[in-house]
Amino acid sequence: MVKPVDRFGYVTRPENNIRPANSGRRSWRSAALLLALAVAVPAFASPASAEKLTIWSGWPDLAPFYKRIGDQLKSKYPDLDISVEAIALREHEKRLALSLPSGAAGDVIEMEVEAARYLEAGLIPEPPASIVAFVKANYDMTRVKTAMYEGKIFGVPLFQGQGALFYNTEMLAKAGLDGPPKTMADYTAYAQKLAQRDASGAPTVSGWSLRLSGGGSGIAEKYWTILYNHGGTLLEEKGGKWRAAYAGEAGRTALKQYLDNVVVYRTVTPEMKADAEAFELGQTAMFIRESWVIGDVAKKAPNLKYATAPLPKGTLMVPVDLYVPNKGPKSQIAWDFVQKANEPENLLWLLENTAWVPNRKGLDYSAVLKKIPQLDAFVNVPAGHVFFTVPAISPASEILTRLAARLEKAFTDKSLAGNDAAIDAFLKSAAEESDKILAREDLLAKP
Amino acid sequence: MRTTPKWLFPVLALLPILGLYGCIRVYPIIETLRLSLFQWNIISRRKPFVGFANFIELASDPLFLEAIFNTTIIAFSVVAITIPVALALAALINSRQGLRRSGVYEASVFLPHVVSLVPAAMAWKWIFDARLGPLNALIGFFGIPAQSWLFDPVLSLVCLIVLCSWQAIGYAVLIFLVGLKNVPDALYEAARLDGASSLQAFRYIAVPLLKPVMLYVSVITLISSYNIYAQAFVLASDVQGAPGHLVRVLVLDMLENSFRNYRVGYAAAEAVVLLVIVLVLTGAQFRLFRDRSRA
């Protein structure tokens, strides 16, 4: 008896298992039918009204806020399922860059000034007319700039990051200082008095914690804030184009202030604990930061005695706006979510529980301020206090990152301390690099 | 009767795997090579061809040059540390084979390789901490003043080299051990009869026979060291509390250019440079080991 062989010439299956010629086709049909059923049944089984709304945030501390909004929205959409995906800001920026061009982003997304790129590329649809009217009626239009492109509104402002001085009231009292510094010159004088040292003279508690290292653009942003309070700015606009403006007297004074504190008086050193953690541990007397520190202190150092004060002239303000990047049936629910998030009651909850300052006009902060007086420096800024922001131009981040890399080295460079000519040369070289980046993007203004 | 060629089945069987390999390995490389010749911001539909402009700009970019310098120093240092240390450790462990706890030695040496990268880097960050770290406490016993390990530009490079070597040695030891176990005992016995000491037997028998293994270990270590990123990032992260000097390495620079500066073509050009460096160095390693083994 001949054994069944296949096309390769060897036995492939037992004799008693040989099927009729058309059995393979039939089994394929059965498999296809099963697959179709497997796909179709869950789709029909789920209720038609069930919707899942995904919220993408770059601020993990905002997750409870968004969950709260989602819960409130369930009165209108009972089957609504809210998924809050709040991750670290830099990772959030990466996922936006990868998902927005392919239309795979969340249903509601947060964006800062980088929104300009996506608006320019036409990747964010315009909101309904009711949302535009809502923004126009409830927000100061100077704060809506980052959510606008060619005069049209695309997003709704939610909150903003803005700096103020945090100072340890017990340390100031111990040093005989009865209030916060008023001028930038005061800052260094205060830092000298507030720094605590060991027997060898090395600082153990910094007088004024400065951002001196860590990579990224943060170093340059903090330098910009100090520069601004010395009367300068990093980039200036001329006729819709930009130019580096820090290679001047204010830039020199700002950098000198860093060098005075780090190299000359050693009120702070790069290896000391820094920022909010140092403040909460009592390892620095004062530092400049955004309002979120208040929420952080409440969690990690609730007994810390501290107060806040506005900066002498102004502060860098980073607005965070909400966008709905996808058109379709879910977009209406998404816009309802955005509008719900901006209701006064929810914004006050946001302020009280996360310390992020809402953007909406006309909110009554008095009840929250009674509970958290440190918020006063953020919500009741003095007249004439200026909020400036990173320009919504594509190379802004690169300019800041490259300047930060240079500044990090400069802050500890002893050859720059007390040497105005060397500081000027450093700033000139850095500004030339900034201008070169602007020129590459055809954004360089004429001098 | 017409028969189907015998090669058809293996080819068909391999096709899905080859297809997958092509999609997830070959295509990205080709696409990276192509992108390096374009200016693209990841978002825009506009993607103008710029020829070699990205490469020309790289040649005078101080951050890229710093990154390439740092990465090269780290990669060569890690190889220079890993190969002799791993070989010595493998020889020691091999000499204890069959004795009690020999498995413990192997496991303890291999452990750093399997520890997740980020927690390991966090632990080393604590060890290197200028004020609270045990390393400064240790050197203090010998009268050496405390060092700013993570802030000094040179010392922070040293920290990265130590961290990467610590992780690479475990894997290298394992590979060397396999190589050592394959050296025939008869060769050692012959050497002993000829009056060779253990060290001489190792030097003149084991080491020459291990050259192919050394080639493999050095190539793998060099390639992985050129690709370091997370270690540099973690040692300088935690900006809220204790940041450190960010050692700029190539992959970190690429990520920054891609997703912070939105310069994907420029970052692709960096990736091409990295590819060329690794290919050239791997070729050089092959040549070096082959020539010596012939001699």
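Quantities reported herein were computed from a predicted structural model and do not represent experimental measurements.

A. Inspection of the pairing of strand 12 (residues 306–309) of chain A at higher detail. All names here are of chain A. Across the two faces of strand 12 the burial is the same, with Tyr306 and Thr308 and Ala307 and Ala309 all buried. Looking at chain direction, strand 6 (residues 156–168) and strand 12 are connected through four bridges and run antiparallel. Residue pairing in the sheet places Phe166 in a bridge with Thr308 of strand 12.

B. Representation of the interface of chain A and chain B within the structure. Tallying the contact residues gives 40 residues for chain A and 34 residues for chain B. At the boundary of chain A and chain B, one finds five salt bridges. A salt bridge links Arg402(A) to Asp61(B), with the shortest nitrogen-to-oxygen separation between them at 2.8 Å. Between chain A and chain B we count nine residue pairs in polar contact (both at pLDDT 80 or more) in total. Mapped by element, the contributors of at least two residues to the side of chain A that touches chain B are helix 3 (89–99), helix 4 (115–120), strand 8 (203–205), helix 10 (275–280), helix 16 (396–410) and helix 17 (420–440) of chain A. Broken down by element, the residue count for the side of chain A that touches chain B peaks at seven residues, all from helix 16 of chain A. Broken down by class, the residue content of the side of chain A that touches chain B amounts to 14 nonpolar, eight polar and 18 charged.

C. Quick peek at the pattern of salt bridges. All names here are of chain A. Scanning the entire structure with this criterion turns up 34 salt bridges over all chains. For Arg90, the salt bridge identified is with Glu93, shortest N-O distance 2.9 Å. Of this pair, Arg90 and Glu93 both sit in helix 3, three residues apart, which is roughly one turn of the helix. Given the relative accessible area of 8%, Glu93 is considered buried.

D. Broad picture of the packing of helix 9 (residues 198–209) of chain B against helix 10 (residues 211–226) of chain B. All names here are of chain B. Running from N to C, helix 9 and helix 10 point in directions that differ by 55°, and their axes come no closer than 4 Å. Classified by the interaxial angle, the pair formed by helix 9 and helix 10 is oblique. Listed contacts from helix 10 to Val207, Pro208 and Leu209 of helix 9 are Lys211, Pro212 and Met214. Split by residue class, the contact of helix 9 with helix 10 holds five nonpolar, no polar and one charged.

E. Here's a closer look at the layout of surface pockets. Taken as a whole, the second largest pocket spans an internal volume of roughly 1400 Å³. Together, 50 residues line the second largest pocket, and Glu120(A), Ala392(A), Ile393(A), Ser394(A) and Leu443(A) are the ones closest to its centre. Secondary structure elements with two or more residues in the lining of the second largest pocket: helix 4, strand 4 (148–149), strand 9 (235–238), strand 13 (314–323) and strand 15 (386–388) of chain A together with helix 2 (53–59) and helix 13 (264–294) of chain B. Looking at the lining of the second largest pocket residue by residue, the classes come out as 25 nonpolar, 13 polar and twelve charged.

F. Looking closely at the nonpolar core. All names here are of chain A. Counting residues in each nonpolar core, the largest one holds 85 residues, and the members touching the most others are Tyr66, Ile109, Met111, Tyr118, Ile124, Tyr323 and Phe337. Mapped onto the domain boundaries, this core takes at least three residues apiece from domain 1 (51–158 + 319–370) and domain 2 (162–317 + 386–440). Leave out the neighbours within four places in its chain, and Tyr66 touches Ile55, Ser57, Val84, Glu110, Leu158, Leu322 and Phe337.

G. Looking closely at the environment of Pro203(A). All names here are of chain A. Position of Pro203 among the secondary structure elements: in strand 8. A residue is classified by how much of its surface remains accessible, and Pro203, at 8% relative accessible area, is buried. Distance in space between the C-alpha atoms of Pro203 and Arg266 is 7.0 Å, their sequence separation being 63 residues.

H. Focus on the domain arrangement of chain A. All names here are of chain A. The domain architecture assigned to chain A consists of domain 1 (51–158 + 319–370) and domain 2 (162–317 + 386–440). A straight line from the C-alpha centre of domain 1 to that of domain 2 covers 30 Å. Listed as interface residues are ten residues of domain 1 and, on the opposing side, 14 residues of domain 2. Note on domain 1 versus domain 2: buried area summed over both sides is about 1000 Å², and carbon and sulfur give 65% of it. Linking domain 1 with domain 2 are zero salt bridges, by the criterion used here. In this assembly, domain 1 and domain 2 are joined by two residue pairs in polar contact (both at pLDDT 80 or more).

What counts, and at which threshold
Residues numbered from 1 in each chain as written. Chains lettered and ligands numbered in written order. Predicted model: local features only at pLDDT ≥ 70, side-chain atom pairs only at ≥ 80, totals over all residues. Heavy atoms only, no water. Buried < 20%, exposed > 50% of the residue type's maximum accessible area, 1.4 Å probe, protein only. Helix = DSSP H or I, 4+ residues; strand = E, 2+ residues; numbered from the N terminus. Pairing = 2+ DSSP bridges. Contact = heavy atoms within 4.5 Å. Salt bridge = Lys/Arg side-chain N within 4 Å of Asp/Glu carboxyl O. Polar contact = N/O pair within 3.5 Å; in protein donor to acceptor, adjacent residues only side chain to side chain. Nonpolar A, V, L, I, M, F, W, Y, C, P; charged D, E, K, R; others polar. Axes fitted to C-alpha atoms, helices over the stretch in contact; angles between N-to-C directions. Parallel < 35°, antiparallel > 145°, perpendicular 65-115°, else oblique. 1 Å grid on protein atoms, 1.4 Å probe; cavity = no way out; pocket = protein on both sides within 12 Å on 5 of 7 lines; lining within 4 Å. Points joined across faces, edges and corners; volume = space filled by probe spheres on them. Core = buried A, V, L, I, M, F, W, Y, C linked by side-chain atoms within 4.5 Å. Domains from an automatic or database assignment. Buried area = accessible area lost by both parts, 1.4 Å probe.

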